[in-house]
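Structural description and commentary
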Amino acid sequence: NPRLEVFQNIFSLKKLPKEEATVGLNAVIKSYKTSIVCVYNGYSSGRVSPKVSLGNEYSFKLKVKNKKLKSLGFLFGTHGKAVKGALTFTIKSPGAQEVLLRKKIDAIHLSDNQFYDIDFPSLYLKEDTIKVTVSSDLREEEGISLYLNEEGMPYTRIIYYDDHLI
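The structure presented is a predicted model; accordingly, all values stated were derived computationally and were not measured.

Parameters and conventions
Residues numbered from 1 in each chain as written. Predicted model: local features only at pLDDT ≥ 70, side-chain atom pairs only at ≥ 80, totals over all residues. Heavy atoms only, no water. Helix = DSSP H or I, 4+ residues; strand = E, 2+ residues; numbered from the N terminus. Buried < 20%, exposed > 50% of the residue type's maximum accessible area, 1.4 Å probe, protein only. Salt bridge = Lys/Arg side-chain N within 4 Å of Asp/Glu carboxyl O.

Quick word on unusual backbone geometry
Here His79, not a glycine, exhibits a phi torsion of approximately 60°, which is positive. Relative to the assigned elements, His79 resides in the loop between strand E4 (68-77) and strand E5 (86-92). Owing to a relative accessible area of 38%, His79 belongs among the partly exposed residues under this scheme. Within the chain, Asn113 stands out as a residue other than glycine whose phi angle is a positive 60°.

Overview of the pattern of salt bridges
Tallied over the full model, the rule gives six salt bridges. One salt bridge in this structure joins Lys63 and Asp128, with 2.8 Å as the shortest N-O distance. Here Lys63 is found in strand E3 (residues 58-63), whereas its partner Asp128 is found in the loop between strand E7 (114-124) and strand E8 (129-136), with 65 residues between them in sequence. With relative accessibility at 56%, the residue Lys63 sits in the exposed group. Asp128 gets classed as partly exposed once you look at its relative accessible area, which sits at 33%. Glu142 is paired through a salt bridge with Arg139; the nearest N and O atoms lie 3.7 Å apart. Within this structure, Arg139, Glu141 and Glu142 form a network of salt bridges that share partners.

This is how it looks when you write it as structure tokens:
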């Protein structure tokens with residue numbers, strides 16, 4: 001009986017001491033952590049973008065060091081209030097205008113002066129520049145701003161998988 005064999009095999013497994021059982025898992029976790037790199041595109045200038053609201057989207061080009069993106073984090077300004085609505089992030093290749101990713105987030109999860117990371121399932125870029133468009137269904141008075149770096153671009157946390165460490 002195949003089911004009985006599986007059941008018997010479960011109980012015939014060798015029990016490992018706690019130290020040995022976690023060695024393999026710890027090695028995998030350590031390898032994963034060391035293969036992830038986090039960089040920022042400059043410093044926050046304290047200035048913010050125009051408010052992103054219904055009909056007022058915000059687009060910019062972002063240069064990325066590595067083509068294997070894990071996530072992008074943006075520093076948001078909610079202007080001191082809880083915001084109900086949604087933001088949509090559209091990432092395109094700048095040349096072909098091909099949509100690489102579209103992700104919608106609930107604005108209630110955004111905190112004033114805090115980073116919010118947008119994770120990607122698996123995004124491998126063909127180019128080292130992407131075009132990011134942020135749109136929203138918020139009314140203008142509820143709009144959200146992005147903090148800008150010293151060059152006037154959105155201050156961004158870029159997390160990627162490093163080819164040399166994997």
